[in-house]
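So the chains spell out like this:
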Amino acid sequence: GLRGTVYRSQHAGSTWTKVDTGLAAAVVGATKTARGALLLADVGGRMAMSADDGRTFSAMKLKQPMPITAIVDLGDGKVALTGPRGVAVSETLPH
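Just so you know, these numbers come straight off a predicted model, no measurement behind them. (Residues numbered from 1 in each chain as written. Predicted model: local features only at pLDDT ≥ 70, side-chain atom pairs only at ≥ 80, totals over all residues. Heavy atoms only, no water.)

Read across the open sheet, the four strands follow the order 3-4-5-6; overall the sheet is antiparallel. Each of the sheet's edge strands pairs with one partner strand only, and the pair in question is strand 3 (27-32) and strand 6 (58-60). When strand polarity is set aside, the average angle formed by the axes of neighbouring strands in this sheet is 25°. Looking at chain direction, strand 4 (residues 38-42) and strand 5 (residues 47-50) are connected through four bridges and run antiparallel. Bridge pairing in strand 5 places Leu-40 opposite Ala-48. (Pairing = 2+ DSSP bridges. Helix = DSSP H or I, 4+ residues; strand = E, 2+ residues; numbered from the N terminus. Axes fitted to C-alpha atoms, helices over the stretch in contact; angles between N-to-C directions.)

Below, the structure is given as structure tokens:
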């Protein structure tokens, strides 16, 4: 969403709750990892992670920030980040 705005539903979309992601720009990528974490990325290259089904998010530090357009879970705590500069593999997910 715009300016990091994200909504979540616990009722198959019948009701929605706004969630503070801590992201400042438009959310452009999201994935759920094999371990169940939800990852979000904004257009500015910032990422946030939720370990509680999207109720709360915490900032993630990347070794080398880059503009992000998509996130793909690779398993084993790794994600592929794509953007205008190419593809990077990040090993920043907690175990």
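Mapped onto the secondary structure, Thr-15 falls in the loop between strand 1 (6-8) and strand 2 (17-19). The class for Thr-15 is partly exposed, based on a relative accessible area of 41%. Look past the residues within four positions of Thr-15 in its chain and what remains in contact with it is Arg-8 and Ser-9. (Buried < 20%, exposed > 50% of the residue type's maximum accessible area, 1.4 Å probe, protein only. Contact = heavy atoms within 4.5 Å.)

To continue, consider the pairing of strand 9 (residues 86-90). As defined by bridge partners, strand 8 (residues 78-83) adjoins strand 9 across five bridges and the pair is classed as antiparallel. Across the sheet, Leu-81 pairs through a bridge with Ala-88, a residue of strand 9. Here strand 8 hands over to strand 9 after two residues, the two strands then running antiparallel side by side.

Before going further, it helps to examine the pairing of strand 7 (residues 70-75). Each regular strand carries side chains that alternate between the two faces of the sheet. Note that strand 7 and strand 8 share five bridges and pair antiparallel. In the strand pairing of strand 8, Gly-75 is matched with Lys-78.

Attention shifts here to the nonpolar core. Core analysis: the biggest nonpolar cluster contains twelve residues, these being Ala-37, Leu-39, Ala-41, Met-47, Met-49, Met-60, Leu-62, Met-66, Ile-68, Ile-71, Val-79 and Leu-81. Contributions of two or more residues to this core are made by strand 4, strand 5 and strand 8. Counting residues in hydrophobic clusters, the runner-up holds seven residues, among them Leu-23, Val-27, Ala-48 and Phe-57. (Core = buried A, V, L, I, M, F, W, Y, C linked by side-chain atoms within 4.5 Å.)

Confidence in the prediction for the protein chain averages 87 pLDDT; 94% of positions are at 70 or higher. Per-element mean pLDDT across the protein chain ranges from 86 in strand 9 up to 94 in strand 5. (pLDDT = per-residue confidence, 0-100.)

It is worth spelling out unusual backbone geometry at this point. Peptide bonds are trans in most cases, and residues, glycine excluded, mostly fall at negative phi. Phi at Ala-12 takes a positive value of approximately 55°, unusual for a residue other than glycine. Looking at the element boundaries, Ala-12 is found in the loop between strand 1 and strand 2. For Ala-12, a relative accessible area of 89% translates into the label exposed.

Along the polypeptide, Arg-8 turns up in strand 1. Buried charge Arg-8 goes without a salt bridge, the closest partner of opposite sign being Asp-53 at 5.5 Å. There is a polar contact of 2.9 Å between the side chain of Arg-8 and the backbone oxygen of Asp-53. If near-sequence neighbours (up to four positions away) are discounted, Arg-8 is found in contact with Thr-15, Trp-16, Thr-17, Val-19, Asp-53, Gly-54 and Arg-55. (Lys, Arg positive; Asp, Glu negative; His and termini not counted. Salt bridge = Lys/Arg side-chain N within 4 Å of Asp/Glu carboxyl O. Polar contact = N/O pair within 3.5 Å; in protein donor to acceptor, adjacent residues only side chain to side chain.)

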